[in-house]
Every structure is written in C-alpha cells, then in structure tokens.
Amino acid sequence: LIGAALYAGVLAWLGWDKIAAAAADIAWQWALVAAALELVTLWLRALKWRWTLGSETGGVEAFFLSKAGGQITPARLGELAPLMWARHRTAHKGAWIVLDRFLEAGATLARGLVGVFWIFGAASPMFAVVLGVTVLVIAVVGSVLLADHSPMARSLYTRLARWRPGAIVVSGLEDARSFRG
C-alpha cells in the first residue's frame, strides 16, 4: 500500500499531461520488443528453477508462486510463498529460494553498475557486453552447480538444512496458520 501511495503521489506531482506526452513518444515496436524480452526472461527464469529443483518437484510452479508472492508483499518476503504448500515445504526449496534471490540480486546490481558507468560516460558498449556475458555465465554456472543432482548442491543443502532457515520460516508459517484457526 505504501508503494502504491508513493507511486500515485509521484504521478500526481508529475502531472498526467507529462505522462501522456511521454507515453505518446514511445515507439510501439520497441514496447513490443521490451514486452517480448520480459516474457522470454520470465520463462527462462522458470526453466532455471525447473532445472535446478528437478522436473518432478514442481520447480516451475514454485517459481510462479514465489514470483507472485514477491510482487505483492513488502520486502519481497512473499517469495517464500511456495513454502506454505506441503508439496514445496522442503529445506531444499527454501535454500534454493534464498540462493536464487542472491543470484538475481547480483545480476540486478551488475546491470545497474553498467547503467551508472554508462551515465557517467565511463562504459563502452564492449564493457556492457563483457559484464552481461559474465552475469549470464555466473547465473548459468550457479544454477548448474546448485542443481539437485550436483554433489556441491547436496553438500550446500545439507549444511543449510542443519542451520534450517527453511525450518524457521516453515514453523512461523505453521504458527500463523494455527493462529488463524
């Protein structure tokens, strides 16, 4: 609600005339390209979850539950939403959700870094390409290493299961359910 109020306040402050003028200047072809790229990256991320968690565990379903939950909750805490369903309530999935957030945050920060360098004229197109390829390689290698069948992943999930961050979240969710009655 706070975000929606801030958004409405900024829109009112800017004025609808300026927003309409800016929207009219957008080339619809580029808007379609941007929408298509968003759709492709959304499904690539879903497939990353399927690859990492395995096809039998509902990785794509968990991704979309996490994505929807993160969109409507403060601090994106809703990304832990899959843990509310018994099918997805495992330490493995809880650990993956947290680790994937770190991968995604790192990629976002790297893209932001390119933007900052670009604004100040310190970045060449080659810098953007090299950084983009590096982020892609890190995301792919990270997903492969964390895939369910990877020995590194098994070791990592075993350690995280001892620390049990997923268990803490799950017990909190169960307490909330029992409180609701």
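Quick look at the structure, then. (Residues numbered from 1 in each chain as written. Predicted model: local features only at pLDDT ≥ 70, side-chain atom pairs only at ≥ 80, totals over all residues. Heavy atoms only, no water.)

### Re the overall build of the protein
Next up, step 1: Helix and strand counts for the protein come out as eight helices and zero strands.
Next up, step 2: Walking the protein from its N terminus toward its C terminus, one meets helices and strands in the order α-α-α-α-α-α-α-α.
Next up, step 3: Counting only residues that meet the buried cut, the protein has 27% of its 181 residues in that class.
Next up, step 4: Counted over contacts in the protein with a minimum sequence separation of 6, partners at least 24 positions apart contribute 50%.
Next up, step 5: Summed over its atoms, the accessible surface of the protein is roughly 12,400 Å², and 74% of this surface lies on carbon and sulfur atoms. (Helix = DSSP H or I, 4+ residues; strand = E, 2+ residues; numbered from the N terminus. Buried < 20%, exposed > 50% of the residue type's maximum accessible area, 1.4 Å probe, protein only. Contact = heavy atoms within 4.5 Å. Areas by Shrake-Rupley, 256 points an atom, 1.4 Å probe, with all protein chains shown as cover.)

### Thoughts on the environment of arginine 87
Next up, step 1: Mapped onto the secondary structure, arginine 87 falls in the loop between α4 (59-72) and α5 (91-119).
Next up, step 2: Taking C-alpha positions, arginine 87 is 8.0 Å from threonine 57, a pair spaced 30 residues apart along the chain.
Next up, step 3: For arginine 87, the residues in contact, after removing those within four places along its chain, are Glu56, Thr57, Gly58, Glu61 and Lys93.
Next up, step 4: A polar side-chain atom of arginine 87 sits 3.3 Å from a polar atom in the side chain of glutamate 61. (Polar contact = N/O pair within 3.5 Å; in protein donor to acceptor, adjacent residues only side chain to side chain.)

### Digging into the packing of helix α3 (residues 28-53) against α5
Next up, step 1: Two numbers describe how α3 lies on α5: the axes approach to 12 Å, and their chain directions differ by 140°. In this view, α3 runs oblique relative to α5, as classed from their interaxial angle. In this structure, α3 crosses over α5, and the sense of that crossing is right-handed. When α3 is examined against α5, the residues Arg45, Lys48, Trp49, Thr52 and Leu53 are found in contact with a partner set consisting of His92, Lys93, Trp96, Ile97, Asp100, Arg101 and Glu104.
Next up, step 2: Each residue belonging to the contact of α3 with α5 can be placed in one class, and the counts come to four nonpolar, two polar and six charged. (Axes fitted to C-alpha atoms, helices over the stretch in contact; angles between N-to-C directions. Parallel < 35°, antiparallel > 145°, perpendicular 65-115°, else oblique. Left-handed = near helix turned anticlockwise from the far one by under 90°. Nonpolar A, V, L, I, M, F, W, Y, C, P; charged D, E, K, R; others polar.)

### Quick word on the packing of α3 against α4
Next up, step 1: Contact geometry for α3 and α4: axes closest at 7 Å, N-to-C directions at 130°. Between α3 and α4, the angle falls in the class oblique. As α3 packs across α4, the resulting crossing turns out to be right-handed. Together, Leu42, Trp43, Arg45, Ala46, Trp49, Arg50 and Leu53 of α3 and Gly59, Val60, Ala62, Phe63, Phe64, Ser66 and Lys67 of α4 make up the contact between the two elements.
Next up, step 2: In the contact of α3 with α4, the residues fall into nine nonpolar, two polar and three charged.

### Thoughts on a nonpolar patch on the surface
Next up, step 1: Taken together, Met126, Val129, Val130, Val133 and Val137 make up a surface patch of nonpolar side chains, about 440 Å² in accessible area.
Next up, step 2: Within the secondary structure, valine 129 is located in helix α6 (residues 125-145).
Next up, step 3: On the basis of relative accessibility, which here comes to 48%, the residue valine 129 falls in the partly exposed class. (Patch = residues over 30% accessible without salt bridge, like charges linked within 9 Å, V, L, I, M, F, W, Y side chains within 5 Å. Salt bridge = Lys/Arg side-chain N within 4 Å of Asp/Glu carboxyl O.)

### Thoughts on α3
Next up, step 1: In a regular helix each residue adds 1.5 Å, so 26 residues correspond to 38 Å; α3 covers 37 Å between its end C-alpha atoms and thus fits that length.
Next up, step 2: Leu42, Arg45, Ala46, Lys48, Trp49, Thr52 and Leu53 are the residues of α3 that are buried.
Next up, step 3: Of the residues one or two after α3, glycine 54 is the one with positive phi, at around 100°. (Expected span 1.5 Å × (residues − 1).)

### Details of the pattern of salt bridges
Next up, step 1: In the structure shown here, the tally under the stated rule is five salt bridges.
Next up, step 2: We note a salt bridge from glutamate 104 to lysine 48, for which the minimum N-O separation is 2.7 Å. Of the two residues, glutamate 104 sits in helix α5 while lysine 48 sits in helix α3, which places them 56 residues apart along the sequence. For the pair glutamate 104 and lysine 48, one class covers both residues: buried.
Next up, step 3: Because the salt bridges share partners, they merge into one network encompassing Arg45, Lys48, Asp100 and Glu104.

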